[in-house]
Structures are given as C-alpha cells and as structure tokens.
Amino acid sequence: MTDNRSVRQLLVKGWLLLYRYVSPALLAVIGVLLITGYALFTPPYIGMADNGDYFRSIYSAGLYFNLPDYDSHHFGHFVRQYGIFQYFNENGSMVISSQTLFIKAAMLLNQLLFDSAVFDIRFQGIIFTLLFAAAVYLVVESLTWKIPRKQGYIIALLAVFMFGDTGYTAYFNSFYGESIVFIMMLFVFASWLLIYRKRYNDYALLAVFVISSLLLTTSKQQNAPVGLIVAVMALSLLWIRRDRIFRVLTVGSLAVLFLSGVATYALISKEFVNINQYHAMTRGVLMQSPNPEETLKTFGINEQFAILKGNIYYERYTTVDVDSPLLEKHFYSQYGFVPILKYYVTHPDKLSSMLNVAAKDAFTIRPPAMGNYEASAGKAFGEHTGFFSAYSLIKKALSPKTYGFIIIWIALVVGLYMPSFIEAVKLRNFRLAQRMILILTMILCGLSGILVSIIGAGDADLAKHEFLFTVAFDIVTFLTLSDIISRRLMRHHDTGEQDDNGPEVKEGVRPLVETKSV
C-alpha cells in the first residue's frame, strides 16, 4: 500500500514539474529530438538510398562519390560518406536550388569537426534536425498558445506522432530536396499562424515567413508555382497593420517571392526540360490514351512516335535516342506544359484518369523504391525502417486512393473554417481572416504539387514528386485536429489580443461596435 502511494506521489510530482517547466511546444521539441536523434545518429543509421539523382546536387557543391561500387547501392542502400574535391571543381551547377546552401553549410561543419577530405552526410542531418526542431516548436506554439496545458500536451504528442515519423526524417540523411520542402512548409505555416494569433513580433515573423517561403520555392524546380501562390495569397497580410513600414516591407518581400517563383521556372536547364517533357507525353498523355496515334495528331506530332508510349527517359535500350536531333525537331518542339494542360482541360476523362493515378501515391510519405539502411547494417537490399513509422504506414494503408477523397477532404476543411472566416470578414478584422487564407494557401500549394507532377512528368516517380501534397495534407489535417482538441475550431475569434485594426476582440464575443476598414 505504501509503495503504491509513493508511486502515485512520484507521478504527481513529475506531472507538476512537467506542467510548470515544460510547455507543450518544448515537449514536442524534446520528443522529435529524441526520436530523430536515435533514428539518424545511432547505429544502424537511417537515411535514403540514391535513386540516381544525387549527382545533380553534389557535384556542383564540391562532393563526389568515393565508394568504388557506389552504383550497386542505387535504390537499395543508404550511403553515408562522400569525397570532398581537393582540387578545382570543374562541375557547373546542374540545378539552381536552395539545397546547395544547406550542403555547403554541412560541408563547413564537417570540415571543422570531422575531416577535410571525407564528408559524412550526418552533419547535414544535424542541421536539418535542429531546423526541424525549431519549426516544430513554432508550429505547436502557434496552436497551443493560451489553451489549457492538458490539451496542449495532447497536441504536442500528436505533432511528434505525425511529423516525427521516420518517413519524413529519413530524408535528412539524403541529398533529396524533400528535407527542405518539409521543414520550410512547417516554417511557412507556423509563422503565418503566429501572425494570425499575434504571438511574437510581426516583423520578425514576416522575416521568417518570407525567408522560409523563398527557400521552399527555390528548393525544387517543380515548386516554382509555390512562390506565385504564396505571394498572391499573402497579400492579405497588408491589411493586418496600419503602419506604412510593415506594408512596404510586405509588398517588397512578396514581390521578391513572386519573382523567385518565375525565376525558378525560367532557370530549369534544357536537360531537365527534355526529361520531364518526355515523361509528360510517354508516361502521361499517351499512357491514358487508347489510341496514341490519334492523340499525337492533336499535338501535330507524327503518329509513328506512338511506339514511345510508356517509355522512360533513363532506359538503357530505347527505340529512339532520347537526346537525338530527330526527337528534338519532331517531338519535343511540338508540345510543352501549356499544350498538355490544354489537352487535359479539353479531355476531362483523361485528366480524371491521371488524377486517380496520382491519388494512389498522394498519401505516401516514404517512396517505396529507396531503402533506408547502409549495406554494412546487414539489412536486405531496399529494406525500409519500421522505427517510429506508425503514422506513415497507417496513412498509406487507410487513405482512400482516389482524387474524390481529396475533394471531400478539401470541402470538409473549408466548410469547418468558413463560419469563422465569414465572421472575420463581416467585422472587417483582417488579422482574424488569416487562418482561412493560410489553409487555402496550404491546400493550393499541395494541389500544385499534384498538377505540376502529372502535367509536367506524367506518372514518373509520382510518390516522390507528390511530396509537397502529402506535407500540405498533414499540416492542414494537424491544424484541424488541434483546433478540435483545443475547442477553437468553431470559434469566431481565438486570439484574444488587441488588433491594430480595432479594439480587443475576446474569444467568442462579438464587439458592440464593428471595427472600421483600413
């Protein structure tokens, strides 16, 4: 009896200490650091195998493959160490991406603490893990500020469960741009939501928002539309404050963000244009056509190219040389992104088929093709880790694999948040309207990932190309579940703060006098 009482007293003391000194946001950070640290930095190390794309990122950064049998590890085994060029690097930038900044930073840390000739990818993993922890802190803080601790702890544990999944964090030990997409999407979401809640300084949050949006947009060439979407939707931030300096900074920052989206698209190299263009036709338009010859005629392409249906650019033995002048003159030059988009718009049945194909991989966090272990770990070729992967496995198994579910999900989320948005519009309180605009921005960014993938590259490597959507889906779903837990979902006002556009608006209380518009 005495032992049971002692245990209860110890638990009570532990709870009181947790309640007093550990906020929900800090609890989430502790959770993701422990889980990610154990997964990525203790043997057997977890990472992502190369699918053949690494060379695009590492050569121009000053790294090379120093493993003699490196090619034999493609898709199956994660490789941890690479060589650092000790002489003039003659390799130009194949891809202009913000990813290079993180590789360079990791190389500097590696050379300071480890070796000047050998690069250990775990140094990059350290940088991403720390940034990830900071992003998780801001996300959880934005959703648990001014709510009871008990509810906040539940939200914190949910964040760890969803975002600490190794399906996401295994990317940190890789040269794929998905690491940056994942972390920067969290920063964009958190900073905007913190602005909505008027938590922290608006200017500091605007800086976090713009920088993370720029890094997100320029991380992958298919993210070019993200810069355009975020820049246009974030124009609503102009009316949350009256001071001119904030508005000038906001307009200037969003203009730079918009131009970065345009530049990211314009700077796509000719090689990658051909690869994506080839797949857009052979693995997209022609794949869904029962009469490929007739389909090619609609593009003004010789119907003999119908033999390319289903072909992949990287195949060793092809019917026609994919880089030949013949294809350049009579195939690639006859179509592009806009003609393919027009084709899908005028053939909704084909678009519907492609959307269903895309939906099958839209909820997959971890690409099935790439293994997670080093060869020295003794694991099977291509084996995936099962450590802390419950969320990614559940999501993949239970999510309906049709685009109809995506439409229902969007309608449900928008419907749940629409009343509070309408009320904010009626009150002309632009800060309170930001939550709905943020949700729509996340959804549009996710959908752009799907549409750009199927229109720009067909069904080639869809599980990886749709990563942007699966991140957006998880963020919006996490927001909705958190607002249900905190009972904020149906509230018209949940900031409880003095807004720059008018008097204080308390939770659930409509002011007697409506605020004036700016």
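Use the structure listed above.
The present account deals with the structure reproduced in this document. Note that this is a predicted model, so its numbers are computed, not measured.

In a beta sheet, neighbouring strands are held together by backbone hydrogen bonds and run either parallel or antiparallel to one another. If you walk across this open sheet you meet the three strands as β1-β2-β3, and the pairing is antiparallel. Pairing within the sheet leaves two strands with one partner each, and these edge strands are β1 (63-64) and β3 (118-120). As defined by bridge partners, strand β2 (residues 81-84) adjoins β3 across three bridges and the pair is classed as antiparallel. Each bridged residue has a counterpart across the sheet, and for G83 the counterpart in β3 is V118. Helix α4 (residues 99-113) contacts β1, β2 and β3 of the sheet and is inclined by roughly 115° relative to β3.

Before going further, it helps to examine the packing of helix α2 (residues 24-41) against helix α6 (residues 149-163). Contact geometry of α2 with α6 gives a least axis separation of 8 Å together with a crossing angle of 25°. With respect to α6, the axis of α2 lies roughly parallel. Taken as a pair, α2 and α6 cross one another with a handedness that is right-handed. For the pair formed by α2 and α6, the contact residues are P24, L27, A28, G31, V32 and I35 on the first element and R149, G152, Y153, A156, L157 and V160 on the second. For the contact of α2 with α6, the residue count by class is nine nonpolar, two polar and one charged.

In this section: the pairing of β2. Note that β1 and β2 share two bridges and pair antiparallel. Its bridge partner lying in β2, L63 is registered against I84.

Turning to the pattern of salt bridges, a few remarks are in order. The final tally for this structure, using the stated rule, is 13 salt bridges. Between D53 and R56 there is a salt bridge, with the nearest N and O atoms lying 3.6 Å from each other. Judged on exposure class, the residue D53 and its partner R56 are both buried. Linking D243 and R241 is a salt bridge whose minimum nitrogen-to-oxygen distance equals 2.8 Å. The buried category is assigned to R241, whose relative accessible area is 17%.

Structurally, L355 can be placed in helix α16 (residues 348-359). Of the residues examined, L355 reaches a relative accessible area of 18% and is grouped as buried. Excluding anything up to four places from it in sequence, L355 contacts Y403, I450, L451 and I454.

The subject of this paragraph is the environment of V140. Turning to its location among the elements, V140 is positioned in helix α5 (residues 122-144). For the pair V140 and P24, spaced 116 residues apart in sequence, the C-alpha separation works out to 7.0 Å. When neighbours within four sequence positions are excluded, V140 is seen to be in contact with P24, A25, A28, A156 and A159.

This next bit is on helix α21 (residues 467-485). Compared with an ideal rise of 1.5 Å per residue, which puts 19 residues at 27 Å, α21 spans 27 Å between its outermost C-alpha atoms and is within 8% of the ideal. Counting buried positions along α21 yields 16 of 19 residues, so the element is predominantly enclosed. Immediately downstream of α21, the backbone of R487 shows phi near 65°, a positive value.

Taken together, the side chains of V232, L235, W239, F258, L259 and V262 present a nonpolar region at the surface, about 520 Å² in accessible area. Here the nonpolar patch takes three residues from helix α11 (residues 244-266), the largest share from any one element. Its location among the elements puts V232 in helix α10 (residues 224-233).

Let us look at the packing of helix α18 (residues 403-427) against helix α19 (residues 434-457). Where α18 meets α19, the closest approach of the two axes is 9 Å, and the angle between their N-to-C directions is 165°. As the angle between them shows, α18 and α19 are arranged roughly antiparallel. Between α18 and α19 lies a crossing of left-handed hand. Residues I406, W409, I410, V413, V414, Y417, M418, S420 and F421 of α18 form the contact with α19, whose participating residues are R435, M436, I437, I439, L440, I443, L447 and I450.

What follows concerns α4. Along an α-helix, residues three or four positions apart point the same way, because every turn accommodates 3.6 residues. Given a rise of 1.5 Å per residue, 15 residues ought to cover 21 Å, and the 21 Å separating the end C-alpha atoms of α4 matches this to within 8%. Within the span of α4, buried status applies to Q99, F102, I103, A106, M107 and N110. Across the axial projection of α4, the buried residues extend over an arc of 140°, all falling on one side. Those residues of α4 that are exposed and angled more than 90 degrees off the buried face are L101, L108 and L112.

Let us now look at the side chain of K220. Within the element layout of this structure, K220 appears in the loop between α9 (202-217) and α10. By relative accessible area, K220 is classed as buried at 16%. Apart from the residues within four sequence positions on either side, K220 is in contact with G177, E178, V181, T264 and K464.

Attention now moves to unusual backbone geometry. A cis geometry characterises the amide bond from P43 onward to P44, with omega recorded as -10°. For P44, the location among the structural elements is in the loop between α2 and α3 (54-58). Its identity is not glycine, yet F388 carries a phi of approximately 45°, on the positive side. With respect to the secondary-structure elements, F388 resides in the loop between α16 and α17 (390-398). We classify F388 as partly exposed; its relative accessible area is 28%.

How each quantity is defined
Residues numbered from 1 in each chain as written. Predicted model: local features only at pLDDT ≥ 70, side-chain atom pairs only at ≥ 80, totals over all residues. Heavy atoms only, no water. Pairing = 2+ DSSP bridges. Helix = DSSP H or I, 4+ residues; strand = E, 2+ residues; numbered from the N terminus. Contact = heavy atoms within 4.5 Å. Axes fitted to C-alpha atoms, helices over the stretch in contact; angles between N-to-C directions. Parallel < 35°, antiparallel > 145°, perpendicular 65-115°, else oblique. Left-handed = near helix turned anticlockwise from the far one by under 90°. Nonpolar A, V, L, I, M, F, W, Y, C, P; charged D, E, K, R; others polar. Salt bridge = Lys/Arg side-chain N within 4 Å of Asp/Glu carboxyl O. Buried < 20%, exposed > 50% of the residue type's maximum accessible area, 1.4 Å probe, protein only. Expected span 1.5 Å × (residues − 1). Patch = residues over 30% accessible without salt bridge, like charges linked within 9 Å, V, L, I, M, F, W, Y side chains within 5 Å. Areas by Shrake-Rupley, 256 points an atom, 1.4 Å probe, with all protein chains shown as cover. Arc of directions from axis to C-beta.

Bear in mind that shape data such as this cannot, by itself, settle questions of function.
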